[in-house]
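# Structure assessment
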Amino acid sequence: EFLKVMRNNIHQTMTSEPNALQFILGKDVDDDNTFYLHEEYKSRADHQDPHTKTKYYDDCIAFFDTEPFTEPHIADAYTLAHDGPAEKVKNVEAVCLNVELCIKPEVRDEFLDVIRNNKAGSDREPLCLQYSWGENVHTPNTFHFHEQYIGEEGLAAHNVAPHFAVWEEFASKGNPFAKPPIVQKFKALLD
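The paragraphs below set out a description of the structure included in this document. (Residues numbered from 1 in each chain as written. Predicted model: local features only at pLDDT ≥ 70, side-chain atom pairs only at ≥ 80, totals over all residues. Heavy atoms only, no water.)

### Overview of the pattern of salt bridges
Spelled out, the test is: Each salt bridge in this description consists of a side-chain nitrogen of Lys or Arg and a carboxyl oxygen of Asp or Glu lying within 4 Å of one another. Think of it this way: any DSSP run of H or I at least four residues long counts as a helix, any run of E at least two long counts as a strand, and we number them from the N terminus. Think of it in three bands: residues with accessible area under 20% of the maximum for their type are buried, residues over 50% are exposed, and the middle band is partly exposed, with areas taken using a 1.4 Å probe on protein chains only.
Tallied over the entire structure, the rule returns seven salt bridges. Note that Lys55 is salt-bridged to Asp59, the shortest N-O span being 3.0 Å. Residue Lys55 and its partner Asp59 are both found in helix H3 (residues 55-64); the two are separated by four residues, about one turn of the helix. With relative accessibility at 61%, the residue Lys55 sits in the exposed group. A residue is classified by how much of its surface remains accessible, and Asp59, at 31% relative accessible area, is partly exposed.

### Considering helix H5 (residues 151-159)
To keep things clear, this is the line we draw: Read the arc as the range of directions from the helix axis to the C-beta atoms. We call two residues in contact whenever any of their non-hydrogen atoms come within 4.5 Å of each other.
When we look at burial in H5, the residues that qualify are Gly154, Leu155 and His158. For H5, the arc enclosing every buried residue in end-on projection is 95 degrees, short of the 170-degree limit, so these residues lie on one face. Residues of H5 that are buried sit in contact with strand E4 (95-103), helix H4 (108-124), strand E5 (128-136), strand E6 (142-149), helix H6 (162-172) and strand E7 (177-188).

### Some words on the sheet that holds E7
The condition that has to hold: DSSP calls a pair of strands paired once it identifies at least 2 bridges connecting them. Axis angles are defined between N-to-C directions and span 0 to 180 degrees, where every axis is a line fitted to C-alpha atoms and, for a helix, only to the segment in contact.
Spatially, the seven strands line up as an open sheet ordered E2-E1-E7-E4-E6-E5-E3, and their pairing is antiparallel. Either end of the sheet is taken by a strand with one partner, and the two such strands are strand E2 (35-41) and strand E3 (78-80). On average, adjacent strands in this sheet sit at an angle of 30 degrees to one another, irrespective of strand direction. Alignment of E5 against E6, held across seven bridges, turns out to be antiparallel.

### A short note on the pairing of E5
Within E5, seven of the nine residues are buried, which leaves the element mostly enclosed by the surrounding structure. Looking at chain direction, E3 and E5 are connected through three bridges and run antiparallel. When the sheet's bridge partners are listed, Leu80 is paired in E5 with Gly134. Here E5 folds back onto E6, and the loop between the two strands holds five residues, one of which, Asn141, carries a positive phi near 70 degrees.

### Some details on helix H1 (residues 2-16)
In plain terms, the rule: Here a helix's expected span is defined as the number of its residues, less one, multiplied by 1.5 Å.
In a regular helix each residue adds 1.5 Å, so 15 residues correspond to 21 Å; H1 covers 21 Å between its end C-alpha atoms and thus fits that length. Taken as a whole, H1 has its buried residues at Phe2, Val5, Met6, Asn9, Ile10, Thr13 and Met14. All buried residues of H1 project into a common sector of 150 degrees when viewed along the axis, lining one side. More than 90 degrees from the buried face of H1, the exposed residues found are Lys4 and Thr15. Where H1 is buried, its residues meet strand E1 (20-28), E2 and H3.

### Considering the pairing of E7
Side-chain direction in a regular strand flips from residue to residue, so the side chains alternate between the two faces of the sheet. Across three bridges, E1 lies against E7 in antiparallel orientation. Residue Lys27 lies in a different strand from E7, and its bridge partner there is Lys187.

### Focus: the packing of aromatic side chains
The relative placement of two aromatic rings is captured by the distance of their centres and the angle of their planes. Applicable threshold: Here is the rule: rings of Phe, Tyr and Trp (six-membered ring for Trp) pair when centre to centre is within 6.5 Å. Planes less than 30 degrees apart are stacked, more than 60 are edge-to-face, and the remainder are tilted.
Tallying each qualifying case throughout the model produces 14 aromatic pairs. Where Trp133 meets Phe145, the ring centres are 6.1 Å apart and the plane angle is 15 degrees; that geometry is what we call stacked. Taken together, the positions of Trp133 in strand E5 and Phe145 in strand E6 put the pair 12 residues apart, joining distant regions of the chain. Overall, the relative accessible area of 3% leaves Phe145 in the buried class. Each member of the aromatic cluster is reached from another via a ring pair, and the members are Phe111, Tyr131, Trp133, Phe143, Phe145, Trp167, Phe170 and Phe177.

Structure below.
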């Protein structure tokens, strides 16, 4: 039932909302009963107003209200720190990561420099389909990332890239995190 409701929501969103740019549903690589979403819109208002006022969104909320989950679902809203896609992004087979990093305020500027460098390098990787990131709209110094790679080999190539080594150096130096990072790895489900 969950997959049916979500796939309808995704299909309707991507075909009837011109400012919906991306909507991905994926399954955790280790737990077949854990799912992740990633949505991007031209603006936050495009999600808050048109999307949340549709029947297919209401159908999702009605399903969620039946309490089908073993744990509460989590929705993180963030504003991209870079330009988003110029047009709709088609769902493709990919290994994906959703990452949350809570950075100590005193290392914020260095973190931003390192992540901008990581994004620029990732965007040049032939097996990296997407590297999006931004700051949580409610919690300063909490950053969210959505990454997509062509297979495990794409993720492996990213993890040995020079720009990722700069990230690893930053992450291992003096514990820059206010709380442990959260990394969710999943495979995109296609329609």
